[in-house]
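Residue-level structure breakdown
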Amino acid sequence: MEEKKIIFSGIQPSGYFTLGNYLGAIKNWTKLQHEHNCIFCIVDMHAITVRQEPKNLRQRTYDSFVQLIACGLEPEKALLFIQSHVPAHAELAWLLNCYTYMGELNRMTQFKDKSSRHSENINAGLYTYPALMAADILLYQTDLVPVGEDQKQHIELTRDIAIRFNNLYSPTFVVPEGYFPKAGARVMSLQEPDKKMSKSDENENAYITLLEEPSRIMNKVKRAVTDSENQVRYDIKNKPGISNLIDIYASITGKSIEDIEREFSSAGYGQFKNAVGEAIVETLSPIQERFKELSKEKGYINNLIREGAEKAERMSYKTLNKVMRKIGLYQVK
Ligand code: ATP
Ligand code: LTN
């Protein structure tokens with residue numbers, strides 16, 4: 001990657017960020033901001049596709065913004081903003097809904113998964129979620145979208161929508177590509193290692209949040225479901241629990257899976273879990289300290305939120321206007 005690319009990604013304020021969010025997405029964002037034009041968005045309109053308590057949503061949105069900075073995102077380098085502050089996202093989402101087929105939306109595994117978990121509230125927003133995500137990405141003429149592996153299908157659909165629109169009219173959108181980390185792209189639940197770690201899991205022991213106390217982190221790793229072989233060996237199919245811990249450790253330390261297997265070849269799970277827990281605590285402590293300091297600076301943070309929205313608004317209207325013109329919506333010059 002030599003020339004400067006446009007990078008866009010989003011994260012939902014649907015709970016407190018997990019280790020999965022960090023290793024799968026945010027960590028890559030902090031690296032990319034130094035070399036590219038990066039735009040990162042707290043996607044609160046996506047979060048309301050599942051029922052949220054207003055007070056919690058408001059607080060988590062603010063805390064999410066602070067957490068991104070605490071994780072190392074620099075507002076002078078990367079554009080950070082809140083989705084609902086920039087109306088072009090909702091506007092383009094409507095337009096793209098008209099270029100997205102129900103057959104495509106029916107195939108989305110996130111929709112199937114979330115509608116089975118929230119069977120009392122299968123709303124149209126949950127169904128058309130991918131069109132809003134496509135709007136987020138396509139508004140900024142994005143080249144690369146750094147996300148975890150669970151978002152692969154949504155990126156594919158975004159590409160299909162962009163290509164469809166470009167072919168129907170004329171080149172309008174850059175066709176974006178997904179960008180995934182080598183390790184940590186799919187961090188699994190600590191309790192059910194065949195499911196991804198998710199911040200909205202009902203079982204608190206299934207995930208580790210970025211703001212969790214060290215003793216709780218150590219406990220959760222100790223309690224993580226493994227197998228009875230007691231051999232630190234990577235085998236996703238037969239040993240998903242221990243393989244997940246190896247993957248987490250690889251992502252944090254930068255070591256290869258082979259090196260980790262060698263290093264712990266004569267250690268049992270107890271010793272390995274200790275090392276994994278300590279590595280997590282070491283990574284998260286500085287983030288937690290910065291979070292504590294920054295959260296107190298409400299004036300400063302709110303200014304950043306305001307500035308981010310203004311900048312994103314200016315950028316987004318260029319693409320939106322172009323799309324409206326191509327479709328044939330009447331505009332007064
Ligand atoms: P929710 O549980 O509310 O659906 P989530 O934890 O899945 O939320 P999102 O806000 O939807 O998180 O995702 C933000 C980013 O984190 C995305 O790029 C997503 O791919 C990534 N991500 C989420 N969970 C994981 C995971 N377990 N492993 C790796 N990356 C993940
Ligand atoms: N759908 C994503 C969050 C998301 C996103 C985006 C990611 C919304 N808009 C744009 C990348 C680019 C999720 O559920 N993790």
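Above this text you will find the structure in question.
So, here's what we can say about the structure. (Residues numbered from 1 in each chain as written. Chains lettered and ligands numbered in written order. Predicted model: local features only at pLDDT ≥ 70, side-chain atom pairs only at ≥ 80, totals over all residues. Heavy atoms only, no water.)

**Concerning the side chain of Gln52**
Quick reminder of the rule: Helix and strand labels come from DSSP, where a helix needs a run of H or I of at least four residues and a strand needs a run of E of at least two; each type is numbered from the N terminus. Note on classification: 1.4 Å probe, protein chains only; a residue is buried when its accessible area is under 20% of the maximum for its type, exposed when over 50%, partly exposed between these limits. Definition of a polar contact: a pair of N or O atoms within 3.5 Å, with one able to donate and the other able to accept a hydrogen when the atoms are protein atoms, and with sequence-neighbouring residues admitted only if both atoms are side-chain atoms. Contact definition: two residues touch when any of their heavy atoms are within 4.5 Å.
Within the element layout of this structure, Gln52 appears in the loop between helix H2 (44–47) and helix H3 (54–70). For Gln52, a relative accessible area of 18% corresponds to the buried category. A distance of 3.0 Å separates a polar side-chain atom of Gln52 from the backbone oxygen of Ala47. Once you skip the residues sitting within four places of it in the chain, Gln52 turns out to touch Ser14, Ala47, Leu57 and Arg60.

**Remarks on unusual backbone geometry**
For Gln141, which is not glycine, the phi torsion reads 55° and is therefore positive. Tracing the chain through its elements places Gln141 in the loop between helix H7 (124–139) and strand E4 (144–146). Positive phi outside glycine occurs at Asn230, with the angle close to 60°. Looking at the secondary structure, you find Asn230 in the loop between helix H9 (214–223) and helix H10 (240–253). What makes Asn230 partly exposed here is its relative accessible area of 41%.

**Some points on H7**
In an α-helix, one turn spans 3.6 residues; hence positions three or four apart end up facing the same way. Rules: By definition here, a helix of n residues has an expected span of 1.5 Å times n minus one. To get the bend at any residue, fit one axis to the seven residues that end at it and another to the seven that begin at it, then take the angle between the two axes.
Here H7 contains 16 residues, and its C-alpha end-to-end distance of 22 Å stays within 8% of the 22 Å for a straight helix at 1.5 Å per residue. Where H7 bends most, the angle comes to about 40°, and this point is Pro130. Summarising burial for H7: 13 of the 16 residues are buried, a large majority. For H7, the N-terminal capping position is held by Asn123, with its side-chain oxygen 2.9 Å away from the main-chain nitrogen of Gly125. Just beyond H7, the residue with positive phi is Gln141, at close to 55°.

**A short note on H10**
An ideal rise of 1.5 Å per residue puts 20 Å on 14 residues; H10 measures up with 20 Å between its terminal C-alpha atoms. Counting buried residues in H10 gives twelve out of 14 residues, a clear majority hidden from the surface. Turning to H10, its buried residues number three or more, namely Gly241, Ile242, Ser243, Asn244, Leu245, Ile246, Asp247, Ile248, Tyr249, Ala250, Ser251 and Ile252. Among the structural elements, helix H1 (19–32), H9, helix H11 (257–263) and helix H12 (269–295) are those in contact with the buried residues of H10.

**Looking at the pairing of strand E3 (residues 79–82)**
Basically, it comes down to this: Here, strands pair whenever DSSP counts at least two bridges between them.
Across the two faces of E3 the burial is the same, with Leu79 and Phe81 and Leu80 and Ile82 all buried. When strand E2 (residues 37–42) meets E3, the two strands line up parallel, connected through four bridges. Counterpart to Phe40 in the pairing with E3 is Leu80.

**Focus on the site of ligand 2**
Applied cut-off: Nearness of a residue to a molecule or strand requires only that one of the residue's heavy atoms be within 4 Å of it. Per-residue accessibility takes into account occlusion by the displayed protein chains alone, with areas from the Shrake-Rupley method and a 1.4 Å probe. A pocket, in this scheme, is an open set of points on a 1 Å grid over the protein atoms alone with protein on both sides within 12 Å along at least 5 of 7 lines, while a cavity is a set where a 1.4 Å probe fits but cannot get out; residues line either one if an atom lies within 4 Å of a point. For this analysis, a molecule is said to be in a pocket or cavity if more than half of its atoms are within 2 Å of the grid points defining it. Under the scheme applied, nonpolar residues are Ala, Val, Leu, Ile, Met, Phe, Trp, Tyr, Cys and Pro; charged residues are Asp, Glu, Lys and Arg; polar residues are all the others, including Gly.
Among the 14 residues in the neighbourhood of ligand 2, the closest are listed as Gln12, Tyr129, Met133, Asp136 and Gln151. Residue Tyr129 places a side-chain N or O atom 2.6 Å away from an oxygen atom belonging to ligand 2. Between ligand 2 and the protein, one listed contact pairs a nitrogen atom with a side-chain N or O atom of Gln151 at 3.1 Å. For ligand 2, whose free accessible area comes to 360 Å², the fraction covered by protein is 92%. In this structure the site holding ligand 2 corresponds to the largest pocket. The element contributing the most residues to the shell around ligand 2 is H7, with four residues. A per-class count over the shell around ligand 2 returns seven nonpolar, six polar and one charged.

**Quick word on empty space enclosed by the protein**
So the rule is basically this: Grid points are joined across faces, edges and corners, and a volume is the space filled by probe spheres set on the points.
What the rule picks out here adds up to one cavity of 30 Å³ or more. Approximately 40 Å³ is the volume attributed to the largest cavity. Taken together, Met108, Gln110, Phe111, Lys114, Leu126, Tyr129, Pro130 and His154 form the lining of the largest cavity. Of all the elements in the fold, those that place two or more residues in the lining of the largest cavity are helix H6 (109–117) and H7.

**Remarks on the packing of H3 against helix H13 (residues 298–327)**
Here is the rule: For helices, the axis comes from a line fit to the C-alpha atoms of the stretch in contact; other axes are also lines fit to C-alpha atoms, and the angle between any two N-to-C directions lies between 0 and 180 degrees. By the definition adopted for this analysis, an angle is roughly parallel if under 35 degrees, roughly antiparallel if over 145, roughly perpendicular if from 65 to 115, and oblique otherwise.
At a minimum axis distance of 11 Å, the contact between H3 and H13 shows a crossing angle of 90°. Compared by their axis directions, H3 and H13 come out roughly perpendicular. Seen from H3, the contacting residues are Tyr62, Phe65, Val66 and Ile69; seen from H13, they are Lys298, Ile301, Asn302, Leu304 and Ile305. For the contact of H3 with H13, a count of residues per class yields seven nonpolar, one polar and one charged.

**Here's the deal with the site of ligand 1**
Taken together, 22 residues sit near ligand 1, with Ser14, Asp150, Lys196, Ser198 and Ser200 positioned nearest. Within the backbone of Gly20, an N or O atom sits 3.2 Å from a nitrogen atom of ligand 1. Gly148 places a main-chain nitrogen or oxygen 2.8 Å from an oxygen atom of ligand 1. Listing elements by their share of the shell around ligand 1, those giving two or more residues are strand E1 (6–11) and H1. No other element matches H1, which puts four residues into the shell around ligand 1. Here the shell around ligand 1 is composed, by residue class, of six nonpolar, eleven polar and five charged.

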